[in-house]
Amino acid sequence: MEQAIQQTNIRKGLTKLVIPIFIETLLIMMLGAVDTIMLSQYSDESVAAVGVVNQIVMFAFLIFEVINIGTSVLCSQYLGAGLKNKMVQVVGVALLLNLVVGVLVSAILHYGAATLLGWMGLRPELLKYGIGYMEIVGAFAFFQAISLTISASLRSANKAIYPMLVTVLVNVMNIIGNYSLIFGKFGFPALGAEGAAISTSVARGVSMVVLFVILFKKHIPSFPLALFRPFPWKELKNLLKVGLPSAGENMSYSFSQVVITYLINILGNDSLATRTYTVNTTMFVYLFAIAMAQGGAISIGHLVGQKKIRAAYLLGKYVMRLSILVSLILSCIWAIFGHTIFSLLTKNENIIRLGVTILIVDVIVEIGRAVNIYATNALRSAGDVNFPFYVGLVVQWTVSVGLSYLLGIHWGWGLVGMWCAFLLDENIRAFIFVKRWNSLKWAKMGFVK
């Protein structure tokens, strides 16, 4: 009876985390969509240029995730174990490190804008939009580095509501800023892509300042110098121990997607367009799985810190089952209404037919994806950080990339063949990760001794 009550309380705590994380993630997705829609009213060239710049900027943000993933895992376990001073040390070191890295990345993006966009093959008519946008957004990338670190710390302390509210503020500011500076409203000049860059940078700056205020008022009132003398090298080592393989897995996935996009480009414009539409619509299928996985990882980290391994194991199974169920229901709805969805996006009958077929195959893809999103987060939160990296590195490149070429290009199955490769990749990794979770080998890998 007592165990059942405890599990109920843990699930209630999980719900309080998942709902704000879900809303925040949805708003972040919508933020990119708003930028694209508003710039599309200005010019197609500006949309194309900003799209390329954002690929570079998003990849740069993965560097910040090295520290942020480590911050979330370590803070969750230390808070669970009641080691508040160690948690303060982790946050302090993480903020310092991401500030240094953020300023360095900002300098590279700002001063190397023309060079980087030239390497991306951006045509001269697009460079005028791309360089101006990247110089501004890049110069203030360190705002995002700091904000992500503070958000990770707040979530680990069950204060996910605050990053969500700040994201709402950022969305409102960005919409008003875009409208004013892209089109020249309220007495402002019409700056186009550069206006969008200024709006985005100001919104991120305000976000950072507000998050700092929340951090000091609601979470960590101060960073006593005594906790950092001598410098806590052990916590820095632990941050990198968690963050490097975790971010490495994300980077490996990003690189594999670049290669796959290159292969799809060989198939022609219709296949490339279908892939773009499908990726942007199916994001909303696994959005719930992302929120469940992030919330679940924080709760599992707390339980591992408290040495409640059985409770952590059962919570992981619950998160996995619920993520699969919701993803399966949503992907089936997407498949049933596939023709309607694609008809709203394009008039090209070939793309519509291909897209409908892809959404049917994607139903099985989403089952595996839901498990993988949950498992990588859960295993990291328990301290098992290397296993997801090795599995991702091997399976993504051999199955997802290798079979995409074999099925899609060599055997001529086209985009449907490539989606079959994605289906195998996601579900093979899912099978491996479920076995790993059930083995309980992760139970001895926590950072609280």
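Rules used in this analysis
Residues numbered from 1 in each chain as written. Predicted model: local features only at pLDDT ≥ 70, side-chain atom pairs only at ≥ 80, totals over all residues. Heavy atoms only, no water. Helix = DSSP H or I, 4+ residues; strand = E, 2+ residues; numbered from the N terminus. Rg over C-alpha atoms; globule rule 2.2 N^0.38 Å. Buried < 20%, exposed > 50% of the residue type's maximum accessible area, 1.4 Å probe, protein only. Contact = heavy atoms within 4.5 Å. Areas by Shrake-Rupley, 256 points an atom, 1.4 Å probe, with all protein chains shown as cover. Salt bridge = Lys/Arg side-chain N within 4 Å of Asp/Glu carboxyl O. Axes fitted to C-alpha atoms, helices over the stretch in contact; angles between N-to-C directions. Parallel < 35°, antiparallel > 145°, perpendicular 65-115°, else oblique. Nonpolar A, V, L, I, M, F, W, Y, C, P; charged D, E, K, R; others polar. Core = buried A, V, L, I, M, F, W, Y, C linked by side-chain atoms within 4.5 Å. Patch = residues over 30% accessible without salt bridge, like charges linked within 9 Å, V, L, I, M, F, W, Y side chains within 5 Å. Phe/Tyr/Trp six-rings, centres within 6.5 Å; stacked < 30°, edge-to-face > 60°. pLDDT = per-residue confidence, 0-100.

Asker: Give a detailed account of the overall build of the protein chain, specifying residues and quantitative values.
Answerer: In terms of regular secondary structure, the protein chain is built from 16 helices and zero strands. Taking 449 residues into account, the globule formula puts the C-alpha radius of gyration at 22 Å, and the protein chain, at 22 Å, falls close to it. The principal-axis extent of the C-alpha atoms belonging to the protein chain is close to 60 × 50 × 35 Å. Residues counted as buried form 52% of the 449 residues belonging to the protein chain. When contacts within the protein chain are restricted to residue pairs at least 6 apart in sequence, those whose partners lie at least 24 apart make up 83%. About 19,900 Å² of surface is accessible on the protein chain, with carbon and sulfur atoms providing 69% of the total.

Asker: Kindly report on the pattern of salt bridges, identifying the contributing residues and their values.
Answerer: Applying the stated criterion across every chain yields a total of nine salt bridges. E249 serves as the salt-bridge partner of R380, at 2.6 Å between the closest nitrogen and oxygen. Here E249 lies in helix 9 (residues 233-267) and R380 lies in helix 14 (residues 349-381), a separation of 131 residues in the sequence. On the accessibility criterion, R380 (7% relative accessible area) is buried. Looking at E249, the relative accessible area reads 6%, which means it is buried.

Asker: If you had to explain the packing of helix 9 against helix 10 (residues 269-282) to someone new, which residues and values would you point to?
Answerer: Across the interface, helix 9 lies against helix 10 with an axial gap of 6 Å and an inter-helix angle of 140°. One element, helix 9, and the other, helix 10, form an angle in the oblique class. Residue-level inspection shows Q257, T261, I264, N265 and L267 of helix 9 in contact with helix 10, the latter providing S271, L272 and R275. The class makeup of the residues in the contact of helix 9 with helix 10 is three nonpolar, four polar and one charged.

Asker: I'd love a proper account of the environment of A203, names of residues and values included.
Answerer: Along the chain, A203 turns up in helix 8 (residues 193-219). Overall, the relative accessible area of 1% leaves A203 in the buried class. Sequence separation between A203 and V172 is 31 residues, and the spatial gap between their C-alpha atoms is 8.9 Å. The contact partners of A203, leaving out residues within four places of it in the chain, are V170, M173 and N174.

Asker: Lay out the nonpolar core with the relevant residues and their values.
Answerer: Nonpolar side chains in soluble globular proteins tend to be buried together. Ranked by internal contacts, the top residues of the largest apolar core, which has 35 residues, are M87 and I150. Looking at this core, the elements with two or more residues in it are helix 2 (44-80), helix 3 (84-111), helix 6 (141-156), helix 7 (161-183), helix 8 and helix 9. Excluding its chain neighbours within four sequence positions, the residues that come into contact with I150 are L95, M208, L211, F212 and L215. One finds V18, A311, A312 and V395 within the second-largest nonpolar core, a separate group that totals 32 residues.

Asker: Just give me the short version of a nonpolar patch on the surface, but keep the residues and values in it.
Answerer: On the surface, L325, I329, I333, I336 and F337 cluster together into a nonpolar patch covering about 500 Å² of accessible area. On the secondary structure map, I329 appears in helix 12 (residues 309-336). By relative accessible area, I329 is classed as partly exposed at 46%.

Asker: Got a sec to walk through the packing of helix 9 against helix 14? Specific residues and values, please.
Answerer: Two quantities define a packed helix pair, namely the angle between the helix axes and the distance between the axes. Interhelical geometry of helix 9 versus helix 14 gives an angle of 155° and a closest axis separation of 11 Å. Of the possible angle classes, the one that applies to helix 9 and helix 14 is roughly antiparallel. Contacts between helix 9 and helix 14 involve S246, E249, N250 and Y253 from the first element and R369, T376 and R380 from the second. Among the residues making up the contact of helix 9 with helix 14, the classes are represented as one nonpolar, three polar and three charged.

Asker: Let's hear about the packing of aromatic side chains: which residues, and what values?
Answerer: Inspection of the entire model under this criterion finds 15 aromatic pairs. Aromatic side chains F140 and F143 sit 5.4 Å apart centroid to centroid with 25° between the ring planes, which places their arrangement in the stacked category. On the accessibility criterion, F140 (35% relative accessible area) is partly exposed. Its relative accessible area of 15% is what places F143 among the buried residues. Plain terms: the ring middles of W437 and W442 are 4.1 Å apart, the flat faces sit at 10° to each other, and that makes the pair stacked.

Asker: Any chance you could break down unusual backbone geometry for me, citing the residues and the numbers?
Answerer: Residue P230 is bonded to the preceding R229 through a cis peptide linkage, with omega at -5°. One can find P230 in the loop between helix 8 and helix 9. Its identity is not glycine, yet N158 carries a phi of approximately 65°, on the positive side. Relative to the elements of secondary structure, N158 occurs in the loop between helix 6 and helix 7. In this structure N158 comes out as partly exposed when scored by relative accessible area, which is 48%. Backbone geometry at L440 places phi at a positive 60°, although glycine is not the residue there. Assignment of secondary structure puts L440 in the segment after helix 16 (414-439).

Asker: Outline the confidence of the model for the protein chain, listing residues and values.
Answerer: In the predicted model, the protein chain carries a mean pLDDT of 86, and the fraction of residues at 70 or more is 94%. When pLDDT is averaged over each element of the protein chain, helix 16 comes out on top at 94 and helix 1 (residues 2-40) at the bottom at 70.

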